[in-house]
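# Commentary on secondary and tertiary structure
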Amino acid sequence: MTEKELKKLLSEMSLEEKAGQLEQLPFGFFEDGNTVLTGPMGEISLTREQIALTGSTLSGCGAAKLRRVQREYMENHPHHIPLLFMMDIINGCDTIFPIPLAQGAMFDPQRVKKAAQTAAREAAARGLHVTFSPMLDTVRDPRWGRVMESTGEDPYLNSENAKAMVKGYQGQDFGKTGVFARDSVAACIKHFAGYGAPLGGRDYNAVELSDRTLREDYLPAYKAAVDAGAQMVMTSFNTLDRVPSTANRRLFSDLLREEWGFEGVSITDWAAMAELMEHRVAADDLEACRLAMDAGIDIDMCTGIYQFRLPQLVKKGVIPVKKLDEAVLRVLKLKNALGLFEDPYRGIDEDAEQAILLSDEHRKQARKAAEESFVLLKNEGGLLPLDPEKSGKVAFIGPFSDSGEVSGAWSILADPAKCVTIRQAAEKKMKKFRLRFAEGSAFADAEDPIAGFDGPYIPGASGPEEELIADAVEAAKEADTVVLCIGEHRLMTGEASSRANIQIPAVQARLLRAVSAVNRNVVTVLFTGRPLDLREVSSLSKALLVVWFPGTESGNAIVNTLTGKNNPSGKLPMSFPWCVGQVPVFYASFSTGRPVTDNNRDMKFLSRYMDIPNDPLYSFGFGLSYTSFSFSEVSLSGKSIKRRGGKKLTAGVRVTNTGDRAGECVVQMYIRDEVSSVARPVRELKGFKRITLEPGVSEEVAFEISEKMLRFIGIDGKRKSEPGKFTVYIGEDSSTMNGADFALM
Ligand code: BGC
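About the thresholds
Residues numbered from 1 in each chain as written. Predicted model: local features only at pLDDT ≥ 70, side-chain atom pairs only at ≥ 80, totals over all residues. Heavy atoms only, no water. Helix = DSSP H or I, 4+ residues; strand = E, 2+ residues; numbered from the N terminus. Rg over C-alpha atoms; globule rule 2.2 N^0.38 Å. Buried < 20%, exposed > 50% of the residue type's maximum accessible area, 1.4 Å probe, protein only. Contact = heavy atoms within 4.5 Å. Phe/Tyr/Trp six-rings, centres within 6.5 Å; stacked < 30°, edge-to-face > 60°. Lys NZ or Arg CZ within 6 Å of the ring centre and 35° of its normal. Polar contact = N/O pair within 3.5 Å; in protein donor to acceptor, adjacent residues only side chain to side chain. Disulfide = S-S within 2.5 Å. Near = heavy atom within 4 Å. Areas by Shrake-Rupley, 256 points an atom, 1.4 Å probe, with all protein chains shown as cover. 1 Å grid on protein atoms, 1.4 Å probe; cavity = no way out; pocket = protein on both sides within 12 Å on 5 of 7 lines; lining within 4 Å. Sits in = over half its atoms within 2 Å of the grid points. Nonpolar A, V, L, I, M, F, W, Y, C, P; charged D, E, K, R; others polar. Arc of directions from axis to C-beta. Right-handed = clockwise from strand over helix to strand, strands pointing away. Pairing = 2+ DSSP bridges.

The helix and strand tally for the protein chain stands at 21 helices and 29 strands. Relative to the compact-globule value of 27 Å for 745 residues, the protein chain shows a C-alpha radius of gyration of 26 Å, a close match. Evaluated residue by residue, the protein chain yields a buried proportion of 61% over its 745 residues. Looking at the protein chain alone, contacts between residues at least 24 apart form 78% of all its contacts between residues at least 6 apart.

In structure tokens:
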């Protein structure tokens with residue numbers, strides 16, 4: 001439809017119809033018995049007639065089902081306007097990719113884009129139109145369970161991934177023509193804004209960020225996604241500067257629409273409109289409705305308030321009809337861009353759906369992504385890769401050694417039975433090895449807090465703890481090498497999964513102690529959705545491989561890595577703290593007025609802890625390989641850049657593979673502003689490149705440094721660069737001291 005036709009349609013719609021376009025209800029309202037609830041369900045007092053006008057739904061999925069529901073819905077709708085189907089397709093649809101945090105560890109936006117493209121292809125085949133992804137919150141507090149949904153602590157890395165995901169989901173055609181191809185879906189970025197910094201790491205808690213910190217560290221990824229064309233933005237549950245996002249005019253109207261020029265659709269997070277009453281900024285649902293509309297929120301997710309109250313408020317003149325019309329038009333435009341007015345089914349059919357879901361090609365993509373995301377934190381004595389001769393008898397021990405619970409909390413459609421377990425892969429791929437398997441323990445103690453979407457989850461095991469451990473100890477004694485497959489259960493991270501103690505579950509720690517007491521050759525394969533306190537795990541393991549939640553191809557990717565078919569190349573996208581007392585701890589920290597240096601360690605009045613180091617156990621950007629790389633000194637194409645009209649500088653290094661096997665190296669560039677009008681991070685990531693090197697081979701890696709990269713919000717509140725000295729560091733992780741100076745004139 002043309003814009004003119006859309007406007008004509010709008011002009012013919014009743015007030016009730018318009019309000020309906022701005023409401024979203026769970027799929028169970030359209031087809032009984034099909035409700036996946038991803039939030040608490042309150043009373044929704046809408047009539048049947050009203051529900052028949054509701055413009056969008058979430059978490060319904062499947063070509064046949066959505067075709068049927070769409071047909072019935074449109075038949076009954078006065079203007080036959082199609083229904084919009086949305087869902088959380090986070091790290092894959094049916095073919096599950098590594099969780100977003102693991103995708104951050106890939107330091108490879110091209111592969112991130114590919115993962116999003118594959119997810120979109122499957123989601124579109126299943127009949128979906130919009131995915132509630134990517135989640136772009138900057139995350140620096142691993143107590144918060146939702147860190148698994150982000151690509152990490154760094155605004156630059158997150159921005160690169162944000163662009164990649166939006167482009168991957170929405171496809172090339174949309175970028176060029178404004179019309180979605182049939183194998184793409186619209187991206188809804190979330191949670192706007194600042195949700196990643198809840199006080200105390202407790203989910204849904206208040207957020208306190210200075211405007212400067214918000215703009216410097218928390219907004220860049222959202223901005224990058226908006227610039228990349230993301231079509232929807234979701235509110236966050238938190239308050240920011242004491243204003244809940246869903247009532248935050250400053251965020252949604254002044255910043256998002258006016259400053260950034262966002263023209264797409266905004267939506268609340270689940271029931272966030274009703275939560276305005278819990279926040280106590282609205283006395284009742286009428287006020288909540290008015291506040292949200294006034295803030296610039298288009299769609300109300302799962303409360304019914306908009307649909308119930310908007311007509312009344314418009315009739316009373318509290319909400320101008322123009323404002324309502326603008327919001328409805330945005331929703332209609334999205335439906336139009338998805339081609340729904342031409343074909344409300346977007347060509348879906350069951351055969352095509354079945355052919356595409358979990359196809360060999362998609363599994364291959366998922367496996368490659370998983371392999372790239374693994375981070376090798378330790379490899380004493382080159383225990384890895386395993387070798388049929390050298391490693392002797394190998395015992396795989398632990399609750400993850402034969403489990404399909406490997407997909408992360410947000411993989412609603414994941415089928416554990418379709419995920420390759422470590423045991424399945426090992427039995428197939430490690431025929432030359434002598435293998436043994438033992439479950440070892442439950443995922444968690446019965447009293448550990450684990451809850452699923454549909455109620456409490458009791459992490460069961462096949463027998464009593466003593467028997468499982470005894471069996472594991474016997475297997476470990478008999479083996480030359482133990483591969484201990486342990487970590488958090490997938491439901492220990494994700495939404496509503498904050499933890500104050502970020503260690504592996506106690507029952508698995510007991511298993512680790514028992515096994516490592518009888519066999520020193522422990523390789524730990526760690527499943528996790530958050531950075532954990534790994535002091536004990538690391539000290540009792542000779543090798544430590546973080547595999548996050550790898551998804552469908554988990555076992556294959558892990559076994560390929562353990563046996564050296566894949567050489568690990570992932571880097572930490574978030575620092576792993578020494579212990580929880582340091583949290584939040586991140587590499588781009590501040591010098592403070594009392595920094596600890598090599599020369600003043602004996603002094604008292606310094607910014608440090610008495611009982612633990614300042615540095616995390618494993619820092620951002622860190623990750624080992626089975627080979628080693630050396631870096632030449634940093635060379636610069638000049639000594640300075642001019643602030644105005646100057647040429648860019650090029651910083652280069654020569655990287656050499658000094659080991660005996662091919663490997664991929666993530667070359668990272670950080671810049672430090674030596675003196676500036678406001679205190680700035682000790683260094684900031686400004687570039688990275690993933691290169692592959694055969695043994696003995698070198699490659700020149702060059703990065704451009706532009707004046708724009710050096711800008712920040714100065715003391716006068718303006719974003720600009722300031723003349724002075726800078727240092728550029730290029731190396732293998734955020735602690736590299738391989739640097740060179742240049743000036744900005
Ligand atoms: C989550 C969102 C999600 C929404 C819909 C909420 O509880 O916070 O991230 O997109 O539910 O499932």
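Let us look at the packing of aromatic side chains. A complete count under the given rule lists 21 aromatic pairs for this structure. Note on Tyr195 and Phe237: the rings are 5.9 Å apart at their centroids and 75° apart in plane angle, and the pair reads as edge-to-face. Taken together, the residues span a long stretch of sequence, with Tyr195 in the loop between β5 (186-192) and α8 (211-218) and Phe237 in the loop between β6 (232-235) and β7 (239-240) at a distance of 42 residues. Both rings, one in Tyr587 and one in Tyr670, keep their centres 5.4 Å apart while their planes meet at 75°; by these two values the pair is edge-to-face. Taken together, the positions of Tyr587 in the loop between α21 (554-562) and β19 (629-631) and Tyr670 in strand β23 (residues 663-673) put the pair 83 residues apart, joining distant regions of the chain. Under the relative-accessibility criterion, Tyr670 is labelled buried at 0%. Taken together, the ring pairs connect Phe107, Tyr156, Tyr587, Phe620, Tyr670 and Phe688 into an aromatic cluster. The aromatic ring of Tyr670 is capped on one face by Arg683, whose charged end is 5.9 Å from the ring centroid. Over the ring of Phe703 we find Lys689, and its NZ or CZ is 4.9 Å from the ring centre.

With respect to the helices, strands and loops of the structure, Asp285 is situated in helix α12 (residues 285-295). According to the relative accessible area criterion, Asp285 is buried, its value standing at 18%. Setting aside residues up to four positions removed in sequence, Asp285 forms contacts with Met277, Ile305, Phe308 and Arg309. Polar contacts involving the side chain of Asp285 include one to the side chain of Arg309, which spans 3.0 Å.

Right, let's get into the state of the cysteines. Disulfides are covalent bonds that link the sulfur atoms of two cysteine residues. In this structure the tally under the stated criterion is zero disulfides. Lacking any disulfide linkage, Cys93 is separated from the closest cysteine sulfur, that of Cys61, by 5.3 Å.

Further remarks concern helix α10 (residues 249-259). Buried within α10 we find Leu251, Phe252, Ser253, Leu255, Leu256 and Arg257. Of the residues flanking the end of α10, it is Gly261, one or two places downstream, whose phi is positive at about 70°.

A word on the site of the ligand. Around the ligand sit 14 residues in total, of which Thr38, Asp88, Arg146, His191 and Asp269 are the nearest. A distance of 2.8 Å is found between an oxygen atom of the ligand and a side-chain nitrogen or oxygen belonging to Arg146. When the ligand is considered free in solution it has 310 Å² of accessible area, and contact with the protein chains removes 100% of it. Put simply, the ligand lies in the largest cavity. Classifying every residue of the shell around the ligand gives seven nonpolar, two polar and five charged.

Moving on: the side chain of Gln24. Relative to the helices and strands, Gln24 resides in strand β1 (residues 23-26). Here Ser56 takes part through its side chain, which lies 2.9 Å from a polar atom of the side chain of Gln24. Residues within four places of Gln24 in sequence aside, it is in contact with Thr54, Ser56, Thr57, Leu58, Met86, Phe132, Ile267, Ile299, Asp300, Met301 and Cys302.

Within helix α17 (residues 422-429) the residues assigned to the buried category are Ile422, Ala425 and Ala426. Along the axis of α17, the buried residues cluster in a sector spanning 100°; they form a single face. Among the structural elements, β12 (393-397), β13 (434-438), β16 (481-487), β17 (522-527) and α21 are those in contact with the buried residues of α17.

A word on the environment of Pro695. With respect to the secondary-structure elements, Pro695 resides in the loop between β24 (684-693) and β25 (698-705). Along the primary structure Pro695 and Asn657 are separated by 38 residues, whereas in three dimensions their C-alpha atoms are 5.2 Å apart. When residues no more than four places from it in sequence are discounted, the contact partners of Pro695 are Asn657, Gly659, Asp660, Arg661 and Ala662.

The two faces of the sheet receive side chains in turn, since in a regular strand these alternate between them. Counted residue by residue, β5 has seven buried out of seven residues, so it is predominantly covered. Following the chain from strand β4 (residues 130-131) across helix α7 (residues 155-177) to the adjacent parallel β5, one finds a crossover that is right-handed. In this sheet, β6 lies alongside β5 in parallel orientation, the contact comprising three bridges. Counted as the bridge partner of Ile189 is Val233 from β6.

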